[in-house]
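Structural features, examined
Read off the chains here:
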Amino acid sequence: MISQLGLTIIILFGTSLVALAIILSFKVSIARKERKQYQTLQAGNTVTSETETPRQPGLLQSIQPLTRPSLTIESAPSISPTLVQPGASTTTPGSSTPDDSVSDRLSPTSGLNFELYNKRSPILRHRGSVAVGEETVGKLHYHVKYDFRSCDLIVNLHGLDLCFPEPNQICELFIRLTLQPNNDGRVRQTTPKKKSINPQFEEVFKFPLMFDELPDQTLVFTLINCDRFSRHEPIGEVEIVMVEIDCTREVEIWSDMRLGRPGAGLAGELLFSLSYLPTAERLNVVIMKSRNLAAPDFSGDGPAAYVKASLSLNGKKLKKKKTSVKRSDANPVWNEALVFNVPHDELADCSMELSVVDSRTVTQNDVMGSCEVGVEVDDATGRDHWKAMLASHRKPQAMWHKLKS
């Protein structure tokens with residue numbers, strides 16, 4: 001037992017010696033490598049000292065105690081808080097002119113871009129569609145900008161400064177906005193302001209359209225004096241041709257508002273076709289659609305419109321028919337046919353009145369606008385349309401007609 005224990009101790013002791021020898025040899029090799037590197041560095045310093053270039057300190061020589069440089073405090077002149085533009089002369093009379101680069105660095109505003117502080121909205125004074133000598137009712141204040149992210153024309157309507165000759169006749173004022181001819185059927189108008197000649201709206205309106213379509217558009221503001229129990233009356237209008245406005249940045253505009261005429265620009269237009277079948281002695285009137293209709297109130301919804309057609313012979317009404325009602329749409333589409341039996345020999349003496357009616361009014365149906373067709377009507381478009389129908393039987397003749405209130 002003793003011999004086995006002694007043998008085990010001897011083996012462990014021998015193993016420890018071998019491990020220690022390996023560690024020592026490894027450290028010796030590392031020390032040799034460090035010595036070679038130090039000798040190589042010393043040789044390089046010796047060669048450098050023999051040349052014309054300044055002597056570089058060795059590894060040991062580079063380690064020197066740091067000394068703090070002495071500071072000399074002098075009284076500095078007081079600096080005025082006034083900002084100085086970059087490049088401006090900051091020398092006093094009798095002093096030497098410093099280098100431009102040094103003066104720029106020492107200038108308190110050398111790092112500022114002054115153009116960024118001048119990017120305010122340009123103010124535009126716009127006469128709109130007011131002719132020279134034409135009467136105006138005031139000025140309209142608003143901002144216009146095109147948003148490239150949402151593809152919207154944004155109109156921020158601020159207020160109105162009126163010089164209306166009869167302020168006592170003002171009941172409630174609101175402004176209706178339309179973009180022509182790109183009308184999406186929505187009615188955009190402000191909240192009514194009661195009995196105020198300087199109403200402040202502060203409302204934002206958006207018109208979705210592509211930027212390349214913008215130059216062909218006309219922005220129309222219509223100022224309306226309304227009464228809940230009677231027909232509203234337009235008293236002012238502003239037309240802005242968008243090709244004249246740079247909408248790539250926000251523009252502040254003051255526009256002269258011309259005096260409006262009752263019913264001007266509010267009735268809209270109606271498209272219908274006429275055709276006559278001689279064999280059946282039947283007059284076909286196809287009511288297609290209407291555009292830019294105005295609601296007779298200020299609720300903000302589109303009108304509930306239908307078309308009523310009245311046939312007359314020598315001024316005497318014979319028959320009348322009407323289409324279905326299209327609700328909440330300022331650009332309704334009907335595509336409905338109204339058929340009238342008319343003898344061929346009486347067709348030239350007949351005339352027809354077509355009226356667009358809103359069925360939502362409180363007291364009775366309100367006629368928003370109407371037009372006439374016939375050989376002897378006052379409207380030139382109505383005469384031309386009826387004559388084209390007489391000249392081309394069986395072939396539908398379609399035309400746009402302006403509605404008059």
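Reading the values: rules and limits
Residues numbered from 1 in each chain as written. Predicted model: local features only at pLDDT ≥ 70, side-chain atom pairs only at ≥ 80, totals over all residues. Heavy atoms only, no water. Helix = DSSP H or I, 4+ residues; strand = E, 2+ residues; numbered from the N terminus. Buried < 20%, exposed > 50% of the residue type's maximum accessible area, 1.4 Å probe, protein only. Contact = heavy atoms within 4.5 Å. Areas by Shrake-Rupley, 256 points an atom, 1.4 Å probe, with all protein chains shown as cover. Core = buried A, V, L, I, M, F, W, Y, C linked by side-chain atoms within 4.5 Å. Pairing = 2+ DSSP bridges. Axes fitted to C-alpha atoms, helices over the stretch in contact; angles between N-to-C directions. Salt bridge = Lys/Arg side-chain N within 4 Å of Asp/Glu carboxyl O.

1. Some remarks on the overall build of the protein
Tallying secondary structure elements over the protein gives 3 helices and 18 strands in all. Relative to its 405 residues, the protein shows a buried fraction of 34%. Taking as baseline every contact in the protein between residues at least 6 positions apart, the subset at least 24 positions apart corresponds to 65%. Summed over its atoms, the accessible surface of the protein is roughly 25700 Å², and 54% of this surface lies on carbon and sulfur atoms.

2. Quick notes on the nonpolar core
Of all hydrophobic cores here, the largest spans 31 residues; its most connected members are L140, Y142, L153, L157, F207, F221 and M242. Of all the elements in the fold, those that place two or more residues in this core are strand 2 (136-147), strand 3 (152-162), strand 4 (172-180), strand 7 (200-208), strand 8 (218-227), strand 9 (230-241) and strand 10 (251-259). Contact partners of Y142, with chain neighbours within four places excluded, come to N156, L157, H158, F221, V238, I240, V251, E252, I253 and S255. One finds I287, L293, M352 and L403 within the second-largest nonpolar core, a separate group that totals 29 residues.

3. A word on the pairing of strand 4
Regular strands have side chains that alternate between both faces of the sheet. In terms of residue burial, strand 4 counts as a mostly covered element, since 8 of its 9 residues are buried. In terms of strand pairing, strand 4 meets strand 5 (residues 188-189) through 2 bridges, oriented antiparallel. Each bridged residue has a counterpart across the sheet, and for L177 the counterpart in strand 5 is R188.

4. Overview of the sheet that holds strand 13 (residues 305-313)
Sheets are built from strands paired through backbone hydrogen bonds, the pairs being either parallel or antiparallel. In space, the 4 strands of this open sheet follow the order 14-13-16-17, with antiparallel pairing throughout. If you trace the sheet from one side to the other, it starts and ends with strand 14 (316-322) and strand 17 (366-374), each paired once. Strand-to-strand twist of the sheet, defined as the mean angle between neighbouring strand axes without regard to direction, takes the value 20°. Two elements, strand 13 and strand 16 (residues 350-358), share 9 bridges in a ladder whose sense is antiparallel. Each bridged residue has a counterpart across the sheet, and for S310 the counterpart in strand 16 is E353. Against the sheet, helix 3 (residues 380-391) makes contact with strand 16 and strand 17, and its axis sits at roughly 50° relative to strand 17, the strand it touches most.

5. Brief notes about the pattern of salt bridges
With the rule as written, the count across this model stands at 4 salt bridges. We note a salt bridge from R258 to E237, for which the minimum N-O separation is 2.5 Å. On the criterion of sequence distance, the pair formed by R258 in strand 10 and E237 in strand 9 is long-range, its members being 21 residues apart. The two residues R258 and E237 agree in class, both being buried.

6. Comments concerning the sheet that holds strand 12 (residues 282-291)
Strand order in the open sheet made by the 4 strands is 15-12-11-18, with antiparallel pairing throughout. With one partner strand each, in any of the chains shown, strand 15 (333-341) and strand 18 (397-402) form the two edges of the open sheet. On average, each strand axis in the sheet is tilted by 25° relative to the strand beside it, whichever way the strands run. Pairing of strand 11 (residues 269-277) with strand 12 involves 9 bridges; the strand directions are antiparallel. Its bridge partner lying in strand 12, L270 is registered against S290. The sheet contacts of helix 3 involve strand 11, strand 12 and strand 18, and relative to strand 18 the element is tilted by about 170°.

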